[in-house]
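Remarks on the overall topology
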Amino acid sequence: MSYEQIRFESSGGIARITLDRPDRLNSFTTQMHAELRDALGRIAGDGDVRVLLLTGAGRGFCAGQDLADRAVAPGDAPIDLGASIENNYRPLVLALRALALPVVCAVNGVAAGAGANVALACDIVVATRSASFLQAFCRIGLVPDAGGTFLLPRLVGSARAMGLAMLGDKLTAEQAEQWGLIWKCVDDAQFASTVEALVEQLAQAPTRGLAAIKRALHASADNSLEQQLALERDAQRDLGQSADYREGVAAFLAKRAPAFTGR
Ligand code: T3D
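Let me sum up the structure you'll find in this document. (Residues numbered from 1 in each chain as written. Predicted model: local features only at pLDDT ≥ 70, side-chain atom pairs only at ≥ 80, totals over all residues. Heavy atoms only, no water.)

1. Quick notes on the packing of helix 4 (residues 148–156) against helix 5 (residues 158–167)
Running from N to C, helix 4 and helix 5 cross one another at 135°; their axes reach a closest spacing of 7 Å. As judged from the angle between their axes, helix 4 and helix 5 are oblique. When you trace helix 4 past helix 5, the crossing you get is right-handed. Where helix 4 abuts helix 5, its residues Leu 152, Pro 153 and Val 156 lie against Ser 158, Arg 160, Ala 161 and Leu 164. (Axes fitted to C-alpha atoms, helices over the stretch in contact; angles between N-to-C directions. Helix = DSSP H or I, 4+ residues; strand = E, 2+ residues; numbered from the N terminus. Parallel < 35°, antiparallel > 145°, perpendicular 65-115°, else oblique. Left-handed = near helix turned anticlockwise from the far one by under 90°. Contact = heavy atoms within 4.5 Å.)

What follows is the structure, encoded as structure tokens:
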């Protein structure tokens, strides 16, 4: 499949997806969703990819659903938004979560509506200081989707989640960091180099171990302590047989830097 609304490249263990409709603040269309699904499928099937970087082109990250696709002429039947969620947003969030590698979201500007929640569904979110997060749904009579009602209370607690979702105020990147909504807010001048260093670091990391961390932390949202302890046991049993664990221990004992292969 060729891409028109995203850019996709992959080299040196790093896959990069850039949402690429800058004149519309990279808002989602059906075509962009199809392209994202295709690219994420390629990444999932490529054993050489060790980290995914998701970002946006231009001054924004993503303004959520393209509302130009949602105008309905008087008398026409409403669009089935449930079908849009089922066919597009739900698979997108689940695919990001299911990838057995770290997903970094570099929020290069405003992230609104489903754009904000897709960013929050990624594993490590770094935002440039001039970026902002906006649960725009309440402004048009909708509920936060793309996992927003799941993620927000877990990330910032129910009081802040409720305020963000019901008031639809813009949250600055700095505030998002202070509230624990994202990993880090970085000055605009250092944003590109910080993101690059981060994905380079993750591309050299023990990928299987990171994938297990991702699975375990996500599972903890619904598990008891007992279930998590069992999950940790099983993960360590599996990882204890990995080449990267062997290498990590050997490198530690030899007082040298490890050379992880992701296997
Ligand atoms: O429908 C379904 O399938 C259900 C799923 C829904 C998921 C959702 O995401 S619903 C929420 C949709 N998103 C929004 O409601 C956000 C709408 N956008 C905004 O509120 C603002 O654009 C921002 C706060 C994000 C940024 O404001 P600002 O002032 O920096 O930029 P702007 O001037 O508003 O936008 C720049 C251009 O992008 C502008 O076009 P123009 O005037 O230059 O021709 C604007 O119309 C366009 N744009 C921005 N967001 C969208 C959009 N065009 C279409 N859809 C958008 N979501």
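2. Quick word on the packing of aromatic side chains
Enumeration over the complete set of coordinates arrives at two aromatic pairs. Note on Tyr 3 and Phe 8: the rings are 6.1 Å apart at their centroids and 90° apart in plane angle, and the pair reads as edge-to-face. A centroid spacing of 5.5 Å and a plane angle of 85° characterise the contact between Phe 28 and Tyr 89, whose relative ring orientation is edge-to-face. With Phe 28 in the loop between strand 2 (14–19) and helix 1 (30–44) and Tyr 89 in helix 2 (residues 81–98), this residue pair connects regions lying 61 residues apart in the sequence. (Phe/Tyr/Trp six-rings, centres within 6.5 Å; stacked < 30°, edge-to-face > 60°.)

3. So, unusual backbone geometry
Phi at Asn 26 is positive, roughly 55°, even though this residue is not glycine. Among the secondary structure elements, Asn 26 is positioned in the loop between strand 2 and helix 1. For Asn 26, a relative accessible area of 0% corresponds to the buried category. One non-glycine residue, Lys 255, lies in positive phi territory at about 55°. Within the fold, Lys 255 resides in the segment after helix 10 (243–253). Overall, Lys 255 belongs to the exposed group, its relative accessible area being 78%. (Buried < 20%, exposed > 50% of the residue type's maximum accessible area, 1.4 Å probe, protein only.)

4. Re the side chain of Gln 228
Structurally, Gln 228 can be placed in helix 9 (residues 225–239). A residue is classified by how much of its surface remains accessible, and Gln 228, at 10% relative accessible area, is buried. Within the structure, the side chain of Gln 228 is placed 3.1 Å from the backbone oxygen of Ala 216, a separation counted as a polar contact. Other than its neighbours up to four places away in sequence, Gln 228 contacts Ala 216, Ala 219, Ser 220 and Asn 223. (Polar contact = N/O pair within 3.5 Å; in protein donor to acceptor, adjacent residues only side chain to side chain.)

5. Considerations on the site of the ligand
Taken together, 24 residues sit near the ligand, with Gln 65, Leu 67, Arg 70, Ser 84 and Ala 114 positioned nearest. Residue Arg 59 places a side-chain N or O atom 2.9 Å away from an oxygen atom belonging to the ligand. In the environment of the ligand, a nitrogen atom lies 2.9 Å from a nitrogen or oxygen atom belonging to the backbone of Ala 63. In the complex, the protein chains occlude 70% of the 1,100 Å² of accessible area that the ligand would expose alone. (Near = heavy atom within 4 Å. Areas by Shrake-Rupley, 256 points an atom, 1.4 Å probe, with all protein chains shown as cover.)

6. Details of the pairing of strand 5 (residues 103–107)
It is a general feature of regular strands that their side chains alternate between the two faces of the sheet. In terms of burial, strand 5 is largely enclosed, as five of its five residues are buried. By the alternation rule, side chains of strand 5 split into Val 103, Cys 105 and Val 107 and Val 104 and Ala 106, which are all buried. Direction of pairing for strand 3 (residues 51–56) relative to strand 5: parallel, over a ladder of four bridges. Bridge pairing links Leu 54 to Cys 105 in strand 5. Where strand 5 lies against strand 7 (residues 124–128), four bridges are found, and the strand directions are parallel. Bridged to Cys 105 within strand 7 is Val 125. (Pairing = 2+ DSSP bridges.)

7. Quick look at helix 5
Residues of helix 5 that are buried: Ala 161, Leu 164 and Ala 165. The buried residues of helix 5 occupy an angular sector of 90° when the element is viewed end-on, so they sit on one face. Away from its buried face, by an angle of more than 90 degrees, helix 5 presents the exposed residues Ala 159, Met 166 and Leu 167. Next to the buried residues of helix 5 lie helix 4 and strand 9 (170–172). (Arc of directions from axis to C-beta.)

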